[in-house]
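For reference, the chains in residue letters:
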Amino acid sequence: MTRKHLVSTDWLAEHIESPDVVLIDGSWYLEITKRNGYEEYLEEHLPGAVYFDIDDIADTASTLPHMLPNTTVFASKMRKLGIGDGQKIVIYDGEGYISAPRVWWTFRLMGVTDVVILEGGLPKWDDEQRPLDFGLVKRQERHFTARFDHGGVRDMDDVEKALATGSAQVVDTRAHGRFIGKDPEPREGVASGHMKGAINLPGADLLTIDGQLKDNDGIRAAIAEAGIDLSKPIITSCGSGVTASLLNFALEVIGHHDHSLYDGSWTEWVVAGKPIETGE
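Residue positions are given per chain, counted from 1 along the sequence in the order it is written. pLDDT decides what is reported in this predicted model: residues at 70 or higher carry local features, side-chain atom pairs at 80 or more are listed and counted, and totals for whole chains, interfaces and linings draw on all residues regardless. Values shown for side chains rest on all heavy atoms present in the structure; no hydrogens or waters enter the calculation.

Q: How would you sum up the sheet that holds strand β6 (residues 153–154)? Please name residues and give values.
A: Taking strand neighbours across the sheet as the criterion, the five strands line up as β6-β10-β9-β7-β8 in an open arrangement whose pairing is parallel. The open sheet has two edge strands with one neighbour each: β6 and β8 (199–200). Two strands pair if DSSP finds at least two bridges between them. For the purposes of this entry, the term helix denotes a DSSP run of H or I that reaches at least four residues, the term strand denotes a run of E that reaches at least two, and both are numbered from the N terminus.

Structure, rendered in structure tokens:
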């Protein structure tokens, strides 16, 4: 049985031509991977999928990467993609759960409730030898209404207050080596380390060996092992707000709703000259 906020490849195969279903390729990769989500989308994508560029559908005036756009910009971008009110939005990416959760979280913040992620993403769909297409998909423009959920996102002041008072747990989803300052950050000029008082739960710990989202028991076990208390609010963080959204997504899947995401994340924290700690 498919879990809440997810749809199976079988379900999508049955509904992919439904007029109320819109499919989004949200593939995005760090520059160091030498992969380009848009170019890969043009080469192959699920039939009818439009491309959601998290670096373009963003606050492009910010010096920080892919910060959230305002509702006016977001609604305009969605209209041009042919995404409108009343549709069921299905998101996937080229690896499964790298950037699809960020796109999902963005839609949720903009007031969309009927938005899900395709289980296993493009790799699972392709492994099952289901049809693929290529080239740019253009849909007819639709009216899109955006209503911003301010409770789902946090800024640097919110994070500082949470760390100082314990009002919320700040959970960093970067790899452990980056969290303890042993491994470098992928962005030039950004030191590794962590915020004092932050908890580390690497995003990879929420996935199985073959890159699938763990079952609900597995998600809860990973959260417990990291020392996170589900009875307290959670603020997620990562390098630039992408990997963190995987934890927000996983929390929703298991039915935990008291969470938000620090959009500026570690990049903003370091650039602002905030205190950095290293070590375990």
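Q: Lay out empty space enclosed by the protein with the relevant residues and their values.
A: Buriedness for pockets is judged along seven lines, at least five of which must meet protein on both sides within 12 Å for an open set on the 1 Å grid over protein atoms alone, while cavities are sets there where a 1.4 Å probe fits but cannot get out, and lining residues have an atom within 4 Å of a point. Grid points are joined across faces, edges and corners, and a volume is the space filled by probe spheres set on the points. Applying the stated criterion across every chain, the model contains one cavity of 30 Å³ or more. Taken as a whole, the largest cavity spans an internal volume of roughly 40 Å³. Three classes are used: nonpolar for Ala, Val, Leu, Ile, Met, Phe, Trp, Tyr, Cys and Pro, charged for Asp, Glu, Lys and Arg, and polar for all others, with Gly counted as polar. Broken down by class, the residue content of the lining of the largest cavity amounts to six nonpolar, two polar and one charged.

Q: Let's hear about the pairing of strand β9 (residues 234–237): which residues, and what values?
A: Summary of the burial criterion: residues with accessible area below 20% of their type's maximum are buried, those above 50% are exposed, and those between are partly exposed, where the area comes from a 1.4 Å probe applied to protein chains only. Residues I234 and T236 line one face of β9 and the alternating positions I235 and S237 line the opposite face, and both faces are buried. Pairing of strand β7 (residues 169–172) with β9 involves four bridges; the strand directions are parallel. Bridged to V170 within β9 is I235. Where β9 and strand β10 (residues 259–262) come together, three bridges link them in parallel fashion. Its bridge partner lying in β10, T236 is registered against L261. Every crossover in which the path from the first strand over the helix to the second runs clockwise, viewed with the strands pointing away from the viewer, is termed right-handed. At this point the chain moves from β9, through helix α9 (residues 244–253), to the parallel β10, and the crossover so formed is right-handed.

Q: Which residues make up the pattern of salt bridges, and what are the values?
A: A carboxyl oxygen of Asp or Glu within 4 Å of a side-chain nitrogen of Lys or Arg is what we treat as a salt bridge. Across all of its chains, the model carries 13 salt bridges by this definition. Here K77 makes a salt bridge to D56, at a shortest N to O gap of 3.0 Å. Placement of K77 in helix α3 (residues 71–81) and of D56 in the loop between β3 (50–51) and α3 is noted, with a sequence separation of 21 residues between them. A relative accessible area of 34% means that D56 is categorised as partly exposed. Between R130 and E128 there is a salt bridge, and its shortest N-O distance comes to 2.7 Å. Owing to a relative accessible area of 32%, E128 belongs among the partly exposed residues under this scheme. Taken together, the shared-partner salt bridges in this structure form one network comprising D10, K124, E128 and R130.

Q: Tell me about the pairing of β10, and name the residues and values.
A: Burial along β10 is two-sided: H259 and L261 and S260 and Y262, pointing in opposite directions, are all buried. Bridge count between β6 and β10: two bridges; the pairing is parallel. Counted as the bridge partner of R154 is Y262 from β10.

Q: Which residues make up the environment of Q212, and what values do they have?
A: Structurally, the position occupied by Q212 is in the loop between β8 and α8 (216–225). Taking relative accessible area as the criterion, Q212 reaches 23% and is therefore assigned partly exposed. Throughout, a residue-residue contact means that at least one pair of heavy atoms, one from each residue, lies within 4.5 Å. If we skip the residues at most four places from it in the chain, Q212 touches Y97, E119, G120, K124, L206 and L207.

Just distances and angles here, no functional claims.
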